[in-house]
Amino acid sequence: MNVAVITGASMGIGEEFARQLAARRLDLVLVARSEDKLRALAGELERRHSIRAHAFPCDLSEPAAAERVATYLTEEGLHPGWLVNNAGFGLIGTLDSMELVRLRQMMMLNMVSLVELTHLLLPQLRLGRDSRIINVASTAAFQPVPFFNVYAASKTFVLNFSEALHEELRGTDVRVLALCPGPTPTNFGETSGMDPRLFQRGQSAASVVRMGLRASDAGRAVLVTQRLLPIFLMRFLPRFAVRMAAGYVARMMMKKMDRPDRATPPKA
Ligand SMILES: NC(=O)c1ccc[n+]([C@@H]2O[C@H](COP(=O)([O-])OP(=O)(O)OC[C@H]3O[C@@H](n4cnc5c(N)ncnc54)[C@H](OP(=O)(O)O)[C@@H]3O)[C@@H](O)[C@H]2O)c1
């Protein structure tokens with residue numbers, strides 16, 4: 001049975017992927033940590049769209065998590081036709097204010113599990129006639145982001161990895177898209193330690209996913225879902241100017257969030 005594997009499907013952008021792919025009558029494997037939410041969503045989508053939706057609770061920041069997902073698919077006789085690597089979170093602050101254990105979890109989730117899952121499922125995806133990989137990056141991927149340092153770098157990794165894979169798989173039946181949303185009102189802001197007000201007027205998760213699916217259908221490599229002037233302008237600026245502009249904007253944001261403590265490195 002062909003399925004779409006969606007990570008981070010319990011809420012936000014991932015849940016929306018589940019809803020829109022179910023509406024396309026694809027069977028689903030929903031992966032995240034919150035078992036109750038996954039089961040409730042799987043049940044609802046099965047009833048509404050007459051599909052099969054499997055809930056696979058799993059902490060993807062743990063070593064060998066990707067192998068557990070792949071083993072589950074094999075044991076259940078499920079063949080991935082779509083892989084949506086969406087699970088991820090951010091951490092805001094100066095590097096030394098972040099807990100190392102959380103940083104490690106973020107790097108494991110945002111980068112390592114994404115690569116491992118792609119690596120493990122690619123042989124099956126190659127067997128399909130119209131297979132898809134959608135990796136959720138971010139507009140943060142296009143420049144260094146002070147105070148969002150490792151998160152933004154992890155998304156640059158996702159962007160470059162996805163673009164490389166897109167070219168590597170050119171001429172095959174596997175299409176790879178790096179989906180780069182801007183601020184989207186989900187749980188992301190709160191998890192990252194940001195002021196949720198910054199996300200309130202962002203693009204909805206439904207619209208991000210709608211645009212992402214259209215871009216994947218069209219075989220695009222990268223989609224930035226919002227027309228953000230700075231992202232466009234940055235293509236023409238020298239690197240030092242991009243870096244300084246990013247630093248200026250980041251300091252303003254930290255001030256706006258009333259977190260000057262995080263914006264100023266602690267004194268020795
Ligand atoms: N919202 C934005 O403004 C924005 C902008 C650009 C890019 N993005 C990217 O979009 C993606 C989805 O984020 P979102 O906005 O939808 O945030 P969200 O509402 O916080 O959802 C994050 C999803 O990831 C799952 N997740 C978190 N840690 C996990 C772990 N260790 N193992 C397995 N699953 C885990 C969460 O489920 P559980 O808690 O149940 O595990 C949840 O389903 C992320 O990659 C994020 O970086 C978001």
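These numbers come from a predicted model, not from an experiment. (Residues numbered from 1 in each chain as written. Predicted model: local features only at pLDDT ≥ 70, side-chain atom pairs only at ≥ 80, totals over all residues. Heavy atoms only, no water.)

The subject of this paragraph is the site of the ligand. The full set close to the ligand counts 31 residues, and Arg33, Ser34, Asn86, Tyr151 and Thr186 are the nearest of them. Side-chain polar atom of Lys155 to an oxygen atom of the ligand: 2.9 Å apart, as the coordinates give it. Across the complex, the protein chains shield 96% of the 880 Å² of accessible surface that the ligand would expose by itself. Secondary-structure elements contributing two or more residues to the shell around the ligand are α1 (12–23), α5 (149–168) and α6 (188–192). (Near = heavy atom within 4 Å. Polar contact = N/O pair within 3.5 Å; in protein donor to acceptor, adjacent residues only side chain to side chain. Areas by Shrake-Rupley, 256 points an atom, 1.4 Å probe, with all protein chains shown as cover. Helix = DSSP H or I, 4+ residues; strand = E, 2+ residues; numbered from the N terminus.)

The next thing to look at is empty space enclosed by the protein. Using the criterion set out here, one finds 1 cavity of 30 Å³ or more in the structure. Considering the residues around the largest cavity, the lining is formed by Thr7, Leu60, Asn85, Asn86, Ala87, Leu109, Asn110, Ser113, Leu114, Leu117, Val136 and Lys155. Considering each element in turn, the lining of the largest cavity owes the most residues, 5 residues, to helix α4 (residues 100–127). Looking at the lining of the largest cavity residue by residue, the class counts come to 6 nonpolar, 5 polar and 1 charged. (1 Å grid on protein atoms, 1.4 Å probe; cavity = no way out; pocket = protein on both sides within 12 Å on 5 of 7 lines; lining within 4 Å. Points joined across faces, edges and corners; volume = space filled by probe spheres on them. Nonpolar A, V, L, I, M, F, W, Y, C, P; charged D, E, K, R; others polar.)

The next point concerns the packing of α1 against helix α2 (residues 35–49). Interhelical geometry of α1 versus α2 gives an angle of 20 degrees and a closest axis separation of 10 Å. Here α2 runs roughly parallel to α1, going by the angle between their axes. Read as a crossing pair, α1 and α2 show a hand that is right-handed. On α2, the residues that touch Glu15, Ala18, Arg19, Ala22 and Ala23 of α1 are Leu41, Glu44, Leu45, Arg48 and His49. Here the residues of the contact of α1 with α2 sort into 5 nonpolar, 1 polar and 4 charged. (Axes fitted to C-alpha atoms, helices over the stretch in contact; angles between N-to-C directions. Parallel < 35°, antiparallel > 145°, perpendicular 65-115°, else oblique. Left-handed = near helix turned anticlockwise from the far one by under 90°. Contact = heavy atoms within 4.5 Å.)

The subject of this paragraph is the pairing of strand β3 (residues 53–57). Counting buried residues in β3 gives 4 out of 5 residues, a clear majority hidden from the surface. Two elements, strand β2 (residues 27–32) and β3, share 5 bridges in a ladder whose sense is parallel. Paired with Ala32 across the two strands is Pro57, which belongs to β3. Tracing the backbone out of β2, into α2 and back to the parallel element β3 gives a crossover that is right-handed. (Buried < 20%, exposed > 50% of the residue type's maximum accessible area, 1.4 Å probe, protein only. Pairing = 2+ DSSP bridges. Right-handed = clockwise from strand over helix to strand, strands pointing away.)

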